Amino acid sequence: MACVERCRCCTDSRRHSSILYSILRSEERAASPARQGPRRGQASRGCPCGSRRRVALRSPQVACKAASAVLVKTLRFVQNVPCFQELPLDEQLLLVRSCWAPLLVLGLAQDRVHLETVESAEPSMLQQILTTRRQGEQSPPRGPAPGRPHHGSAGGVPHLPSAGEIQTIKGFLAKCWSLDISTKEYAYLKGTVLFNPDLPGLQCTQYIEGLQREAQQALNEHVRLIHRGDEARFAKLNVVLSLLRSINANVIAELFFRPIIGAVNMDDMLLEMLCAKL
């Protein structure tokens, strides 16, 4: 796709919005994280289903900083797509809000960000009830604005991702790395994800559908030109796109952004970052 291929990163802006600044500079205010992992040979005896165990990042500040940097690069990429800039602002926001998580995971794969996790003991039901009640007595709860979805746990109580949810992300990253996807292929994949004509509320449906079709055609032509001996590569890359549907945006928000800035409304943060000069 010509408009996607022409994209290039603009120079770093010296302006920092409040949320963005706190994401990128939080590691300077935090102490060095402990790197102690689980002892060898120690297994969890709690839940018989391993995929239900709750896990956390081994080095939250390191992983969250890397994911935040990838999010900035992702939105910079989106901002520099000429076809995207031609859309009305409300259409741009609708597209970004729906696809920021899969675009972020694609960026993590492209930058080869590895996720190291450890098992974490989740609070019992009684502890959660008491914590929520105590918070309610101290200050009135503040919910998201009407009609605005909130990516995060209710009541300020963290919801640690399960081992199964993390394994889904790790499996996707491993799939991308096994294919050794090139920079151009990542760009065409991102274009296909970004221009999703099936979102409810879109007005420029036909135009966006044409952009997605153009991205797929450009990817196919690139694969046929560069990987002539691998006739199945285009199909393998489309499998990557299908795997993105299993990525949960709430899990991404809880995993990478809650540890450093607390309960966050991703819509507000995306709007602020999209309107900023990244």
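Engineer: Sorry, what's going on with the packing of helix H5 (residues 89-110) against helix H11 (residues 249-256) here?
Structural biologist: Think of two packed helices as two axes; the pair is described by the angle between the axes and how far apart they sit. At a closest axis distance of 9 Å, the pairing of H5 and H11 adopts a crossing angle of 55 degrees. Here H5 is positioned oblique relative to H11, judged by the angle of their axes. The hand of the H5/H11 crossing is left-handed. Contacts between H5 and H11 involve Trp100, Ala101, Leu104, Val105 and Leu108 from the first element and Ala249, Ile252, Ala253 and Phe256 from the second.

Engineer: Honestly, the packing of helix H9 (residues 205-226) against helix H10 (residues 233-243) in this entry has me stumped. Any pointers?
Structural biologist: The geometry of H9 relative to H10 is characterised by a closest axis approach of 9 Å and an angle of 140 degrees between their N-to-C directions. In terms of orientation, H9 lies oblique with respect to H10. Where H9 crosses over H10, the two elements pack in a sense that is right-handed. Contacts from Gln216, Leu219, Asn220 and Val223 in H9 reach Arg233, Phe234, Leu237, Asn238 and Leu241 in H10. Taken together, the residues of the contact of H9 with H10 break down into five nonpolar, three polar and one charged.

Engineer: I keep staring at the packing of aromatic side chains and nothing clicks. Help me out?
Structural biologist: What characterises a pair of aromatic rings is the spacing of the ring centres plus the angle enclosed by the ring planes. Counted by the stated rule, this structure contains one aromatic pair. Of note, lysine 190 hangs over the ring of phenylalanine 77, and the distance from its end group to the ring centre comes to 5.3 Å.

Engineer: I tried to follow the nonpolar core on my own but got confused; where do I start?
Structural biologist: Side chains of nonpolar character tend, in soluble globular proteins, to be buried together. Formed by 69 residues in total, the largest nonpolar core has its most connected members in Phe84, Leu95, Trp100, Leu173, Phe195, Ile252 and Phe256. Excluding residues that lie within four positions of it along the chain, phenylalanine 256 makes contacts with Leu57, Ala63, Cys64, Ala67, Leu108 and Leu115.

Conventions and cut-offs
Residues numbered from 1 in each chain as written. Predicted model: local features only at pLDDT ≥ 70, side-chain atom pairs only at ≥ 80, totals over all residues. Heavy atoms only, no water. Axes fitted to C-alpha atoms, helices over the stretch in contact; angles between N-to-C directions. Helix = DSSP H or I, 4+ residues; strand = E, 2+ residues; numbered from the N terminus. Parallel < 35°, antiparallel > 145°, perpendicular 65-115°, else oblique. Left-handed = near helix turned anticlockwise from the far one by under 90°. Contact = heavy atoms within 4.5 Å. Nonpolar A, V, L, I, M, F, W, Y, C, P; charged D, E, K, R; others polar. Phe/Tyr/Trp six-rings, centres within 6.5 Å; stacked < 30°, edge-to-face > 60°. Lys NZ or Arg CZ within 6 Å of the ring centre and 35° of its normal. Core = buried A, V, L, I, M, F, W, Y, C linked by side-chain atoms within 4.5 Å. Buried < 20%, exposed > 50% of the residue type's maximum accessible area, 1.4 Å probe, protein only.

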